[in-house]
Amino acid sequence: MEKGIPFSSAALEKLPQPHRSALGWILKRAAFTKTADELCWVETDPLVGRFLPFLYFSGKDSAPFYIPREIHERARLAFYDNASYWLKIENRLKQALSLFDQNGIEFLPLKGAVLWSDLYGSAGLRRMNDIDLLVREIHLPQAAQLLVDTGFLLHKENNFKDLGVFQGPVSIWPQEVILVDRGDENNVIELHRSLISS
């Protein structure tokens, strides 16, 4: 009876760099904390659980590690869930960024929003919890207002209740504004006025 999908460190050499890194961390974690015969613990592990979708791209050669078919299927589902999530928010994000362009608001996407294709090669390999955008300090109120005008709401994690906070001097403006899409609470955009929190 087949144990599952074989996976080994030798299989890592055949994969692109992002896959090698993620799966390498899984193997290191296995060596120190878990049994090395099966990787069924990965999904719930607090350190490497986020790498579950990478197990969908496991090697097919003979190996000392086996990914139980049930875990491989969950990895496949996680991969496609991440990919569909990104496709859903990508269009909404393009709308928002187009508005910024039309209104002369300069922005710089930060972290996962711009790095997933270079670092991961596929949107399915990394779940993005939010989109981080750096905007010029002077444009922060206008950028936030544009998003509110297009259906975003201030997130409850902000330490202010409305955009009236921008009526005061710049020195008391928040470092970031967190907004959530009225139509999808999982679509969160964080506007930052600085890379360094004060």
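Among the six residues that make up strand β6 (residues 176-181), five are buried, leaving the element largely enclosed by the rest of the structure. As defined by bridge partners, strand β5 (residues 152-154) adjoins β6 across three bridges and the pair is classed as antiparallel. Its bridge partner lying in β6, F152 is registered against D181. In this structure, the hairpin formed by β6 and strand β7 (residues 184-192) is closed by a connection of two residues.

Another aspect to go through is the packing of aromatic side chains. A complete count under the given rule lists three aromatic pairs for this structure. Aromatic pair F79 and Y80: ring centres 5.0 Å apart, planes at 85 degrees, arrangement edge-to-face. Since its relative accessible area comes to 8%, F79 is described here as buried. Here Y80 falls in the partly exposed class, since its relative accessible area comes to 42%.

We now examine the sheet that holds β6. A sheet is described by the order of its strands in space; here five strands give the open sequence β3-β4-β7-β6-β5, paired in mixed fashion. Looking at the sheet topology across the chains shown, the edges are occupied by β3 (107-110) and β5. The mean angle between the axes of side-by-side strands here comes to 30 degrees, regardless of whether they run parallel or antiparallel. Bridge count for strand β4 (residues 131-135) against β7 is four bridges, and the pairing is parallel. Paired with L134 across the strands is H192, a residue of β7. In the packing of helix α3 (residues 69-102) onto the sheet, contacts are made with β3, β4, β5, β6 and β7, and the angle to β7 comes to roughly 40 degrees.

For soluble globular proteins, nonpolar side chains are generally found buried alongside one another. By size, the foremost hydrophobic cluster in this structure holds 28 residues, and its most contacted members are F100, I131, L147, V177, I189 and L191. The set of elements that each furnish at least two residues to this core consists of α3, β4, α5 (140-149), β6 and β7. Looking at this core, the element that brings in the most residues is α3, giving seven residues. Here L147 is in contact with A96, F100, F152, L179, I189 and L191, once residues within four sequence places are set aside. Formed by 17 residues, the second largest nonpolar core is a distinct cluster that contains I26, F51, L52 and F54.

Bringing the pairing of β4 into the picture now. Within β4, five of the five residues are buried, leaving the element largely enclosed by the surrounding structure. Alternating residues of β4 divide into I131, L133 and V135 and D132 and L134, and every residue in both groups is buried. Relative to β4, β3 runs antiparallel, the two being bridged by four bridges. Note that in β4 the partner of L108 across the bridge is L134.

This part is about the pattern of salt bridges. All told, the structure shown has five salt bridges when counted by the stated rule. Note that E70 and R74 form a salt bridge whose closest N and O atoms lie 2.9 Å from each other. One end of the pair is E70 and the other is R74, both in helix α3 and four residues apart, which spans about a single turn. Classification of E70 by relative accessible area gives exposed; the value is 54%.

Attention now moves to the packing of α3 against α5. Running from N to C, α3 and α5 point in directions that differ by 135 degrees, and their axes come no closer than 10 Å. Of the possible angle classes, the one that applies to α3 and α5 is oblique. α3 and α5 meet at a crossing whose hand is right-handed. Across from A96, L99 and F100 in α3, the residues of α5 making contact are A143, L146 and L147. A per-class count over the contact of α3 with α5 returns six nonpolar, no polar and no charged.

Scoring rules and cut-offs
Once a new chain begins, its residue numbering starts again from 1 and follows that chain's sequence as written. With pLDDT at 70 or above as the cut-off, local features in this predicted model cover only qualifying residues; side-chain atom pairs require 80 or more to be listed or tallied, and sums for whole chains, interfaces and linings still use all residues. Just so you know, side-chain values use all the structure's heavy atoms and leave hydrogens and water out. A simple rule labels every residue: compare its accessible area, found with a 1.4 Å probe on the protein chains alone, to the largest value its type can have, and call it buried under 20%, exposed over 50%, or partly exposed in between. Numbering goes from the N terminus for both helices and strands, where a helix is a DSSP run of H or I of at least four residues and a strand is a run of E of at least two. Note: two strands are recorded as paired if DSSP finds a minimum of 2 bridges between them. Stacked, tilted and edge-to-face pairs are distinguished by plane angle, under 30 degrees for stacked and over 60 for edge-to-face with tilted covering the rest, among Phe, Tyr and Trp rings (Trp via its six-membered ring) whose centres lie within 6.5 Å. In this description, a line fitted to the C-alpha atoms serves as the axis of each element, helices being fitted only across the stretch in contact, and the angle between N-to-C directions of two axes falls anywhere from 0 to 180 degrees. Contact between two residues is taken to exist if any of their heavy atoms lie within 4.5 Å; hydrogens are not considered. Remark: nonpolar core denotes a set of buried residues (Ala, Val, Leu, Ile, Met, Phe, Trp, Tyr, Cys) joined through side-chain atoms within 4.5 Å. Any Lys or Arg side-chain nitrogen found within 4 Å of a carboxyl oxygen on Asp or Glu counts as a salt bridge. Oblique is the label for any angle not under 35 degrees, not over 145, and not in the 65 to 115 range, which are roughly parallel, roughly antiparallel and roughly perpendicular in turn. In this scheme the handedness of a crossing depends on how the near helix is turned from the far one: anticlockwise by less than a right angle means left-handed, clockwise means right-handed. Classification convention: Asp, Glu, Lys, Arg as charged; Ala, Val, Leu, Ile, Met, Phe, Trp, Tyr, Cys, Pro as nonpolar; all other residues, Gly among them, as polar.

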